[in-house]
Every structure is written in C-alpha cells, then in structure tokens.
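Architecture and fold: a report
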Amino acid sequence: EYLLHRFFFHYHPSDPAYERIFFLFHGVHHAQPQDKTRLVMPPPVSIILAGIFYALFYVVIGLLLKAPLWVNPVMAGFVLGYLFYDLTHYATHHFPMRGPIGKYLKRHHMQHHYKSPDIRFGVSSPLWDLVFRTMEEQK
C-alpha cells in the first residue's frame, strides 16, 4: 500500500504522455477526492495487476524459494490485504469514522488530500509514514 501509493501513484513523469497516464491512475482521485467512482482501480487494471503480482509471487516463492505450495496462500493474503486497504480508503472518504482509530485514519488521509499530498501516504496504517519520515512536513 505505502510503496505503491508513494512511488507509483505519486510518480511525477517528465513526459506529457506518461503524465496523463499517471493522472488517470491516481491524479484524478486527488483532483476529485469525493467522487465515489474514482476510489478504486478499474477491474481491467486490477486483474492485470493481480496477474503480475501472482507471477511475481510464483517466481520468488515458488521457484527461487522452492516453496510452490505457499504461492496461493500468499496471493490470497495479498488480495485480502488489498481489500482491507481499499475498504478503509473508501470509508475514510465516505463514511463517518467512529472511534479513535477510525477518526485518526480519516484525519491522516484527509490531510494527505487537502493539506499535503506529498506526505502521509499510508491509508490503512500510518506505520510506514513514521518509518520513512513522511508523516510530517520537513521544516
């Protein structure tokens, strides 16, 4: 979640054609953060990415680590983690978050959208923002 959000979704290409592609991937979500149709990847993109990740897990876990029986459980965990992230992301935009954790996650993510889009990349957890020091703006 953190790595994709920070380094892929917020990548700033110098080529105008690639800039348009990255805007369609994630920039439009920042331009219209309350648009319910712009919160998740379109199914064709999700299916392609799932295939790429499965191939990656197969090569690394199945072939390099010689543990092919672990490929499917790891992929299932990855998909469940992605669903948790996506549901949390949707909730931070469209549900009243109750309780201290929900309120904190919503505030953290809304600050990313409305105050400082180049920090606070964690959506379902701010842990990696702490680790990589992207929690607060550098003075």
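Residues numbered from 1 in each chain as written. Predicted model: local features only at pLDDT ≥ 70, side-chain atom pairs only at ≥ 80, totals over all residues. Heavy atoms only, no water.

Taken as a whole and judged by the stated rule, the model has one salt bridge. In this structure, R120 and E136 form a salt bridge, with 3.3 Å as the shortest nitrogen-oxygen distance. A residue pair is termed long-range when its members are at least 10 positions apart, and R120 in the loop between α5 (99-114) and α6 (127-131) and E136 in the segment after α6 qualify at 16 residues. A relative accessible area of 2% places R120 in the buried class. (Salt bridge = Lys/Arg side-chain N within 4 Å of Asp/Glu carboxyl O. Helix = DSSP H or I, 4+ residues; strand = E, 2+ residues; numbered from the N terminus. Buried < 20%, exposed > 50% of the residue type's maximum accessible area, 1.4 Å probe, protein only.)

It is worth spelling out the packing of helix α1 (residues 2-9) against helix α2 (residues 16-31) at this point. Between α1 and α2, whose axes approach to 11 Å, the crossing angle comes to 105 degrees. On the basis of the axis angle, α1 is roughly perpendicular to α2. On the side of α1, the interface is formed by H5, F8 and F9, while α2 contributes F22, F25, H26 and H30. Tallied by class, the residues present in the contact of α1 with α2 amount to four nonpolar, three polar and no charged. (Axes fitted to C-alpha atoms, helices over the stretch in contact; angles between N-to-C directions. Parallel < 35°, antiparallel > 145°, perpendicular 65-115°, else oblique. Contact = heavy atoms within 4.5 Å. Nonpolar A, V, L, I, M, F, W, Y, C, P; charged D, E, K, R; others polar.)

A few words on the environment of M41. Inspection of the secondary structure assignment puts M41 in the loop between α2 and α3 (43-64). Looking at M41, the relative accessible area reads 13%, which means it is buried. Between the C-alpha atoms of M41 and V131, which are 90 residues apart in sequence, the distance is 27 Å. When neighbours within four sequence positions are excluded, M41 is seen to be in contact with F9, F25, S46 and Y82.

Below, the discussion takes up unusual backbone geometry. Trans is the common state for peptide bonds, and a negative phi is the common state for residues other than glycine. In the Ramachandran plot, K66 falls in the positive-phi region, its phi being about 55 degrees despite a non-glycine side chain. Structurally, K66 can be placed in the loop between α3 and α4 (71-94). Judged by relative accessible area, which is 69%, K66 ranks as exposed. Look at R133: it is not a glycine, yet its phi comes out positive at around 55 degrees. Taking relative accessible area as the criterion, R133 reaches 69% and is therefore assigned exposed.

On to the packing of α4 against α5, then. Working note: a packed helix pair is described by the angle between its axes plus the distance between those axes. As a packed pair, α4 and α5 sit with axes 9 Å apart at the nearest point and diverge in direction by 80 degrees. When the interaxial angle is binned, α4 and α5 end up roughly perpendicular. Contacts from T88, H89, A91, T92 and H93 in α4 reach L105, K106, H109, M110 and H113 in α5. Of the residues contributing to the contact of α4 with α5, the split by class is three nonpolar, six polar and one charged.

Take the side chain of T134 next. Here T134 lies in the segment after α6. Among all residues touching T134, those that are not within four sequence positions of it are Y2, R6, I119, R120, F121, W128 and D129.

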